[in-house]
Amino acid sequence: MPDTLPLDLPCVTLPHLMTVGGTLANAAVRFPDRPALVYDGREATWRELLAQVVERARGLIGLGVRAGDHVGILAPNCWDYVVLYHAIEMVGGCAVLLNARYRPDDLAYVIPKSQIRFLFVGGHAWRFCDYRPMLTEVFPELATWSGGDFRLAAAPALRMIVELGDDRAAIWPGVEVLERAAQGVSADAVMDRAAAVKPEDVGLIIFSSGTTSRPKACMLTHVSLCRMGLAMAGSFRLTEQDRVWDPLPLFHMSTILPMAGCRATGACFIGMGHFSADAAMDLLIARRPTVHYAGFPTIISALVTHPAFDRYDQSDLRINHVVGPVDLMRRYGTLFPGAKYVNSYGLTEATGVPCYSNIDDPDDVLFETSGPICEGMEVGIFAEDDAKVPDGTPGEIRVRGFGVFAGYFDDDAATAAAVDADGWLHTGDLGRIGAMGRVVYEGRLKDMLKIGGENVAAVELESFLATHPAIRMAQVVGVPDDRLMEVAAAFIELNPGETLSEEDVARHCAGRIASYKLPRYVRFVESWPMSATKVQKFELLRGFRPDRKIDPARVTGAGT
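Worth saying up front: this structure is predicted, and the values here are computed from it rather than measured.

## Comments concerning the overall build of the protein chain
- For the protein chain, the count of helices and strands is 17 helices and 25 strands.
- For a compact globule of 560 residues, the expected C-alpha radius of gyration is about 24 Å, and the protein chain comes in at 23 Å, within 12% of that figure.
- Referenced to the eigenvectors of the C-alpha coordinate spread, the extents of the protein chain come out at roughly 70 × 60 × 55 Å.
- Roughly 22,600 Å² of accessible area belongs to the protein chain as shown, and the carbon and sulfur atoms make up 52% of that amount.

Shown next as structure tokens:
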């Protein structure tokens, strides 16, 4: 594969194919008039998408975005997000994709931690999720800021905030600052910047929750993103004829990776600003995708129970990717009879998903395993003494190869703990090698919850709950949930003389942490089941009953 592209663009040098900008430019050359992107009623060909990205990249350069700068995006899914992400990569910046469900407590940590220099905020959904008051709560200096230079005591690296897609009265700088900044920058300058990006440069930071009290800033290189996109495209056998429906969040590898697969092959990416069953069914009926990248049972169950599901013409659908319990996946298989079921295993630190089902495998293997490791990666199952175990024996899943992340930003100790001297990434997940050498995921070794597909460290929630003055100690466990697969249950010991209700605890969390992290169950205890030094969480679960569930929609008010 050549390193440069025969672009019909006025530029001096050309981008490397193993960079995000290079794959986009390559797609525009190979598939110029093929559909590239469909998002909330808008669509573009590959040629048109590249033109929009270059235009936005001109604005970034004009604003002063330098190679290597950390550029944050805090926004709901939208067209602007996709264009901005690619523009950041094109000019050699590092895109820091912040969880759109973060709340003030989360933002107060992740923005300074990742040393974001420019922050782009999406005002597209301000009626439902308004980031202005959240950021002002975290950084009080913003209360009187309406543009120009600023210095924030709690985030000294941050130099500018730009708010896109907001139809309210302007307070903070908006898209017009990008448009003005672009006037002095040529397309040649953008392509020169794109050509200077090296495959080994870090192009992306996504926060990945670990076993520490706070999420860690996971760094991924251009080459790992591009090679894993090629691997995903190979597993799904994508071509320019494919239409990939993916309603998942843009701050997640479950969209970044499929978009990379589409760039590699010219397939069309079909996204959604906000998932609802009604909107999804309308979109599926109109667009008839060839691939579902729905990811989680929550989304598929909303489709198959929808009254319009019988009107969905699935004749073009050939792959249905969703991860969940075997029996449930088999049931979905009968409801999408013409599509191959694709399972997977992955984590952000492995550039998303290094294991997808081989669609030629027998159905039993498809449903019961997560598939083979992709070419260029290696998987091993290890015992606690770091010895490899035989196939079929459970142990820790470890992977190594091109997809292993570049480390945690500004956290050498955590990086060293995650990747050993032999290059093995310690995933903290339990699994084994099953039939046909396929990976079988069997749960988590570390104290983690997986809520609606999001990894959440139990200790992160425990630490936050302990900020309430009435709470002496909190322990959090994951319990099954029909919609989110798993939710948080909080066991709480109060300080002497204090009283709280279950709703009081929920109100303490509401609006201050991401809504998916909010405990759905609260139980008060006076003593703890202990081993020598640790709370035995399995004993807490043994007596748990799923009653008195908290409805987040009914929880109002600020933390107490």
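On we go from here.
## A word on the sheet that holds strand 4 (residues 94-97)
- In space, the 7 strands of this open sheet follow the order 6-5-3-4-7-8-18, with mixed pairing throughout. Sheet topology places strand 6 (160-164) and strand 18 (407-408) at the edges, where each strand pairs with a single neighbour.
- Taken strand by strand, helix 5 (residues 131-138) contacts strand 3 (70-74), strand 5 (118-122) and strand 6, and its axis lies near 140 degrees from that of strand 5.

## Here's the deal with the sheet that holds strand 23 (residues 471-481)
- One open sheet accounts for 3 strands, arranged 23-24-25; its pairing is mixed. Two strands lie at the open edges of the sheet, namely strand 23 and strand 25 (521-524), each paired on one side alone. On average, adjacent strands in this sheet sit at an angle of 25 degrees to one another, irrespective of strand direction.

## Points about the confidence of the model for the protein chain
- Model confidence for the protein chain is summarised by a mean pLDDT of 91, while 95% of its residues fall at 70 or above.
- This stretch, residues 1-6, has a pLDDT under 50; its non-local contacts, to residues over four places away or in other chains, come to 15 contacts.

## Some details on the pattern of salt bridges
- By the definition in use, this model includes 36 salt bridges.
- Linking K517 and E460 is a salt bridge whose minimum nitrogen-to-oxygen distance equals 2.6 Å. Residue K517 is found in the loop between helix 16 (502-509) and strand 25, and its partner E460 is found in helix 15 (residues 458-465); the two are separated by 57 residues along the sequence.
- The exposure class of E460 is buried, given its relative accessible area of 7%.
- The partner of D481 in a salt bridge is K549, and the shortest N-O contact between them spans 2.5 Å. A residue pair is termed long-range when its members are at least 10 positions apart, and D481 in strand 23 and K549 in the segment after helix 17 (537-542) qualify at 68 residues.
- Through salt bridges with shared partners, one network takes in D130, R132, E163, D166 and R168.

## Description of the packing of aromatic side chains
- For the structure on display, the rule yields 12 aromatic pairs.
- On the basis of an interplanar angle of 80 degrees and a centroid distance of 5.5 Å, the ring pair of F309 and F336 is categorised as edge-to-face. Of this pair, F309 sits in the loop between helix 11 (297-304) and strand 12 (319-322) while F336 sits in the loop between helix 12 (326-335) and strand 13 (340-342); the two residues are 27 residues apart in sequence, bridging distant segments of the chain.
- For F309, a relative accessible area of 9% corresponds to the buried category.
- Assessed through its relative accessible area of 1%, F336 is described here as buried.
- Here a set of aromatic residues connected by ring pairs shows up, and it is made of W145, F150 and W172.
- Positioned over the ring face of F402 is R227, at 4.1 Å from the centre of the ring.

## Details of the environment of V162
- Structurally, the position occupied by V162 is in strand 6.
- Between the C-alpha atoms of V162 and V20, which are 142 residues apart in sequence, the distance is 23 Å.
- Residues contacting V162, with those up to four places away along its chain left out, are L63, L119, F120, V121, P173, G174 and V177.

## Topic: the side chain of Q475
- Along the chain, Q475 turns up in strand 23.
- We classify Q475 as buried; its relative accessible area is 11%.
- Beyond its immediate sequence surroundings of up to four residues, Q475 is in contact with E462, A489, A490, F491, W528, V535, K537 and L540.

## Some thoughts on unusual backbone geometry
- In this structure, D386 is a non-glycine residue whose phi angle is positive, near 70 degrees.
- Of note, D410 is a non-glycine position whose phi angle comes to about 60 degrees, a positive value.
- Mapped onto the elements of the fold, D410 is located in the loop between strand 18 and helix 14 (412-418).
- For D410, a relative accessible area of 52% translates into the label exposed.

## With respect to the nonpolar core
- Ranked by internal contacts, the top residues of the largest apolar core, which has 152 residues, are I111 and L135.
- If we skip the residues at most four places from it in the chain, I111 touches L98, I116, L119, L135, F139, A155 and L158.
- Grouped together as the second largest cluster of nonpolar side chains are 39 residues, L484, A488, A514 and L540 included.

## Observations regarding the pairing of strand 17 (residues 395-401)
- Extensive coverage of strand 17 is indicated by the burial of 5 of its 7 residues.
- In terms of strand pairing, strand 16 (residues 377-382) meets strand 17 through 6 bridges, oriented antiparallel. Bridged to G380 within strand 17 is R398.
- Across 5 bridges, strand 17 lies against strand 19 (residues 425-433) in antiparallel orientation. The residue bridging G395 from the neighbouring strand is G431, located in strand 19.

## Section: the side chain of E396
- Structurally, E396 is set in strand 17.
- Exposure remark for E396: the relative accessible area of 13% places this residue in the buried category.
- A polar side-chain atom of E396 sits 2.8 Å from a polar atom in the side chain of R398.
- Of note is the side chain of E396, whose polar atom sits 3.5 Å from the backbone nitrogen of T427.

## A look at the packing of helix 11 against helix 12
- Between helix 11 and helix 12, the shortest axis-to-axis distance is 12 Å and the interhelical angle comes to 40 degrees. Taken together, the axes of helix 11 and helix 12 are oblique relative to one another. The element helix 11 and its partner helix 12 pack so that their crossing is left-handed. Contact with helix 11, carried on its side by P297, I300, S301 and V304, involves L328, M329, Y332 and L335 of helix 12 and no other residues of that element.
- In the contact of helix 11 with helix 12, the residues fall into 7 nonpolar, 1 polar and no charged.

## Some thoughts on helix 4 (residues 104-113)
- Those residues of helix 4 that sit buried are P104, D106, L107, V110, I111 and K113.
- For helix 4, the secondary structure elements touched by its buried residues are strand 3, strand 5, helix 5, strand 7 (202-208) and helix 15.
- Looking one or two places after helix 4, you find Q115, whose phi comes out positive at around 55 degrees.

The rules behind the values
Residues numbered from 1 in each chain as written. Predicted model: local features only at pLDDT ≥ 70, side-chain atom pairs only at ≥ 80, totals over all residues. Heavy atoms only, no water. Helix = DSSP H or I, 4+ residues; strand = E, 2+ residues; numbered from the N terminus. Rg over C-alpha atoms; globule rule 2.2 N^0.38 Å. Areas by Shrake-Rupley, 256 points an atom, 1.4 Å probe, with all protein chains shown as cover. Pairing = 2+ DSSP bridges. Contact = heavy atoms within 4.5 Å. Axes fitted to C-alpha atoms, helices over the stretch in contact; angles between N-to-C directions. pLDDT = per-residue confidence, 0-100. Salt bridge = Lys/Arg side-chain N within 4 Å of Asp/Glu carboxyl O. Buried < 20%, exposed > 50% of the residue type's maximum accessible area, 1.4 Å probe, protein only. Phe/Tyr/Trp six-rings, centres within 6.5 Å; stacked < 30°, edge-to-face > 60°. Lys NZ or Arg CZ within 6 Å of the ring centre and 35° of its normal. Core = buried A, V, L, I, M, F, W, Y, C linked by side-chain atoms within 4.5 Å. Polar contact = N/O pair within 3.5 Å; in protein donor to acceptor, adjacent residues only side chain to side chain. Parallel < 35°, antiparallel > 145°, perpendicular 65-115°, else oblique. Left-handed = near helix turned anticlockwise from the far one by under 90°. Nonpolar A, V, L, I, M, F, W, Y, C, P; charged D, E, K, R; others polar.

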